[in-house]
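Here is how the chains run, residue by residue.
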Amino acid sequence: MLLHNVKITLRHLLKNKTATFINFAGLTIGLTASLLICLYVLNEWQTDRALPHPERTYRLLRVAEINNEPYEIGITSGPFAPALQQDFSAEIESTVRVVDGNSVVALGEYRFQEDKYYYADPNFLTFFDLPLLHGHAETALSQLHSIVLSRKTALRYFDNEAEAMGQTIRIDNSYDATVTGVLDDLPGPMHFDFDLVESTLELEKSSWWTGWWNNNLMTYVRLKPDAAVTKIQPYLSGFMDKYFGKDFERTGSRIDLRLQPIQSVYFEGETRYDPVRHGDWPSVRIFLFAAILLIVIACANYVNMASAKAVERGKEVGIQKVLGSGRLRIVWQMLAESFLMTSASVFAAVSLVGWLLPRFEQYFDLTLDVVIPNTQLVPALVGLTILVSLIAGLYPGWFLSSFKPAFTLKGSTTAGERHTSGLRKALIVFQFVLSIGLLCSTIFVHQQLNFLKNKNLGFDKSQVLLMDINSQELYDARETFREQLKREPGVREVAFMNGIPGGNHDATSVDIPELNLKIRMRTAFADFDFAKTLGLQFVAGRDFNPQLASDSTRAAILNERAVADLGLTPEEALGKKIILSSFDTISRTVVGVVKDYNFSSLHDAIEPLVISTAFWGGVIAVKAQGDRISKVIAAAETAWNAESPAFPFSYQFLDERLDRLYKSEAREGRIFALFAIIAIFIACLGMFGLASFAATTRIKEIGIRKVLGASIGSIISLLSADFLKLVGIAFIIASPLVWYFMKVWLQNFAYSIEIEWWVFVLAGMAAMLIAGLTVSARSIRAALVNPVESLRNE
């Protein structure tokens, strides 16, 4: 019996080749796109899930505020971990510190600029239960200058992983480190992102390691099994008073602590000064929802075609019922067809995913480390096949089984035709609501990205070359480096700075004794040429003057927001004395006020900023002449190699660095565009099939109209009008939905575009045009049929 049913199912599928192809193509494309997105979503969701004891593992955050606006800081200083362990010994089981950095690694004559170089406490590997391919986790970081390589890095340096063990590599041209371990593949993605990790025993020799205010590392805490974070959190305020009380009194502001659950780190991306990887949970939800919608669109396509063909199968069903088939058997037959079609589509989709995955990762700039055991993968695919089969086949089966033999055997299916006609129209509208919505969203996301890229930020970001000072030799010879650079005619300005636009800007308490005020401001420390290099505009006062000795240590420049927060005009702010009490007790004079510029991401509004002179900046910024940019780069490399030959020359452009701040949004835009194309393609596949069905069922009507003198154009209009009306209805429904959701999405930005009406019109017209061409392709063929052929049997 089962074999007989399978033969019937295959015979029917092969008989209706057009419908079978459309259903197979729609399901395969929808499932392929959905599976790729689901892999991305699963990769994001799995991040940090493999870490041990997540219920009692936390990261320590500092909590501060700028003018009553609270924010959290991801980095702490060295003394926090031992002090917490000591003061909360009854509750804390262990702590570990991790320092994110970069170093130059030399292996023989080869040099590698490693930007994912970590330092960590000796218990780092055991704390996070990181597996080693070679070495012992308990001892791998226990010795001075011991280092562990990732598997990928070991294979970059040596012929195989085992060969790496015991090898000596040179770090920053300062000391030798011994490879004491090679990491195995991690059990899943993590918020860490490192290629090498060295013991912090090297850092403990530095004076800054014991300074409470030298915040440049991450502190992790694991509680004892019987301890609760709710019991510790209230006492952290007293902990801060114990070690920072005098500083709080001096600065007039305080900092508190929060224990952040380890599995919240990845998706809590609002933390500032945070060197770890972050995901965007709202985006993940959007993509998951879109993946589900693509499957639903493909299923709607199948239901549309199956219900349309059901009318043609009325006599077949009538005969089956006369021969004794019950309603349940007919439903099972339709489900069998659906299951067979879905199984083939799932198999094809999985094959395509394997082929497309590397291209998907490259195009969307992703690295998917998702781990799915076969014991979970196979049941998931079987479950997906069954679910899609039920969604796609249940309604057509139920509908077809409801036909009455007395009517169907006479050729009467009018009631059923009316019933499925309403459903088909509803499904077409649904498909195009999603298609138009995705198309509109793609345009708005693209507009916002262009706005972010082209917005006037208040400074000149073009042709600015940035180089990190990554060696002591270059730092010591920075003035010589500047002079060598300035010999190149294409170099306009050179500045050494901390506080690059788009980078970190430390906060400080600023005292204004004359006004009896203390407020928090962001800081930028740079030499005399900072404003000129970035092209900042002064609204009052002057720039730093190297001819004035006082400007070297006792001058400051404020932005307009800082002046406004002081309740002054730019002219009134000039000459005011300020003290950056979080850093020192020097009284600085405000010598200038610059126009507000976006020194942070455009997700955030402009904050108060104080710019002070300092000559220890860690970044070199070079303003170049556009037509000589290649010569400026060559001159910079020559000067670099002359002063620091042991360290490889590297650079980036400021505008490219700023563009990377919106990497997540750019990825969203590309995924929305992909979704829109696929959704419209699947919808048009279904529309083509339905147009074919409509042309077939109305073939005699078309013949009669042609005999009565109807033109080909009028026939095409007749067949196309009903479909285009449905697209118009979809446009009316989709527009307010898109307006609402894009309004919510744009609230993530302090600066955003206006949602303009013409975008909706453009998307609607595009959908109408695509749908019109799709239907017309089939309508023209029907209109060209000789009426003699269509009316032969009348």
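Computed from a predicted model, the values in this text were never measured in an experiment.

So, empty space enclosed by the protein
Part 1 of the reasoning: For the structure on display, the rule yields four cavities of 30 Å³ or more.
Part 2 of the reasoning: Roughly 70 Å³ of internal volume is contained in the second largest cavity.
Part 3 of the reasoning: Lining the second largest cavity we find L452, K453, L457, K461, N598, S600, L602, L658, D659 and Y662.

Quick word on the pattern of salt bridges
Part 1 of the reasoning: Counted under the stated rule, the structure contains 32 salt bridges.
Part 2 of the reasoning: One salt bridge connects K205 with E202, and the closest N-O pair in it is separated by 3.1 Å.
Part 3 of the reasoning: Accessibility expressed as a relative area gives 14% for E202, which makes it buried.
Part 4 of the reasoning: Put simply, D584 and R588 hold a salt bridge, and the shortest N to O gap is 3.0 Å.
Part 5 of the reasoning: Because the salt bridges share partners, they merge into one network encompassing E479, R482, D527, D529, K532 and D543.

Focus on helix α3 (residues 80-87)
Part 1 of the reasoning: Of all the residues in α3, the buried ones are F80, A81, A83 and L84. End-on view of α3: buried residues confined to an arc of 165°, all on one side of the axis.
Part 2 of the reasoning: Buried positions along α3 lie against β1 (57-66), β3 (92-107), β10 (218-223), α8 (236-251) and β11 (256-261).

Structural notes on the packing of α3 against α8
Part 1 of the reasoning: Axis separation between α3 and α8 bottoms out at 12 Å; the angle between their running directions is 120°. By the angle class used here, α3 and α8 are oblique. For α3 against α8, the interelement crossing comes out right-handed. The residues of α8 that touch α3, namely those facing F80, A83, L84, Q86 and D87, are L236, F239, M240, K242, Y243 and F244.

So, the environment of E72
Part 1 of the reasoning: Examined against the element boundaries, E72 turns out to sit in strand β2 (residues 69-73).
Part 2 of the reasoning: Residue classification places E72 among the partly exposed residues on the basis of a relative accessible area of 21%.
Part 3 of the reasoning: Considered as a pair, E72 and R272 are 200 residues apart in the sequence and their alpha carbons are 6.1 Å apart.

What counts as what
Residues numbered from 1 in each chain as written. Predicted model: local features only at pLDDT ≥ 70, side-chain atom pairs only at ≥ 80, totals over all residues. Heavy atoms only, no water. 1 Å grid on protein atoms, 1.4 Å probe; cavity = no way out; pocket = protein on both sides within 12 Å on 5 of 7 lines; lining within 4 Å. Points joined across faces, edges and corners; volume = space filled by probe spheres on them. Salt bridge = Lys/Arg side-chain N within 4 Å of Asp/Glu carboxyl O. Buried < 20%, exposed > 50% of the residue type's maximum accessible area, 1.4 Å probe, protein only. Helix = DSSP H or I, 4+ residues; strand = E, 2+ residues; numbered from the N terminus. Arc of directions from axis to C-beta. Contact = heavy atoms within 4.5 Å. Axes fitted to C-alpha atoms, helices over the stretch in contact; angles between N-to-C directions. Parallel < 35°, antiparallel > 145°, perpendicular 65-115°, else oblique. Left-handed = near helix turned anticlockwise from the far one by under 90°.

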